[in-house]
Amino acid sequence: MTLRRAAVVVGAAISLSLVGSAARATPPDPGVFGTVIWQQTVGGTDYTLREVHLPPHTDTGWHFHDGNLYATVKSGTLSHFDATCESDGVYPTRSFVFEPGGPGNVHIGRNLGDTEVVLEVLYVLPKGSPFSEDAPNPGCDFE
């Protein structure tokens, strides 16, 4: 191994150790799931209607979307937090939720209650995009 290559490997190892667990993606809690109800691609856009379930005391994990989402809370109360760790909305049954797309809109949905949260979500995403992109916890004292 050349000296230059060794320096790159050591630098990468130090960077990874400094990042630690704070940079890990935070996937949804066990039991959180979604079912596709309807899907259509028009031009370069995927339109997907999904029903998403969050059992009591679970969350979606920190994430963002590549496009906009429009949701209705069918049951329960969704607590929504942005990357500043502050609540940006509490949505009881029959509420409308809008989530703008892009990596600058990292957020987490949490079910802090004892009743399952059920959402009906319309995803408007660039063709072929995943429903969400996992993101690291931005430094909040909750996942």
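Here, every reference points to the structure presented above.
A quick note: this is a predicted structure, and the numbers were derived from the prediction, not measured. (Residues numbered from 1 in each chain as written. Predicted model: local features only at pLDDT ≥ 70, side-chain atom pairs only at ≥ 80, totals over all residues. Heavy atoms only, no water.)

A. The pairing of strand E9 (residues 117-126), seen in detail. The sheet contact formed by strand E2 (residues 45-54) and E9 spans 10 bridges and is antiparallel. Paired with Tyr47 across the bridge in E9 is Val124. Pairing geometry for strand E4 (residues 68-75) and E9, over 7 bridges, is antiparallel. Looking across to E9, one finds that Ser75 is bridged to Val118. (Pairing = 2+ DSSP bridges. Helix = DSSP H or I, 4+ residues; strand = E, 2+ residues; numbered from the N terminus.)

B. Spotlight on the packing of aromatic side chains. As enumerated under the stated definition, the model contains 5 aromatic pairs in all. Their ring planes at 45 degrees and their centres at 5.3 Å tell us that Tyr70 and Phe98 sit as a pair that is tilted. Of this pair, Tyr70 sits in strand E4 while Phe98 sits in strand E7 (residues 96-99); the two residues are 28 residues apart in sequence, bridging distant segments of the chain. Its relative accessible area of 31% is what places Tyr70 among the partly exposed residues. Judged by its relative accessible area of 38%, Phe98 falls in the partly exposed class. A network of ring pairs unites the aromatic residues Trp62, Phe81 and Phe142 as a single cluster. A cation over an aromatic ring shows up here: Arg110 above the ring of Phe81, its NZ or CZ 5.2 Å from the ring centre. (Phe/Tyr/Trp six-rings, centres within 6.5 Å; stacked < 30°, edge-to-face > 60°. Buried < 20%, exposed > 50% of the residue type's maximum accessible area, 1.4 Å probe, protein only. Lys NZ or Arg CZ within 6 Å of the ring centre and 35° of its normal.)

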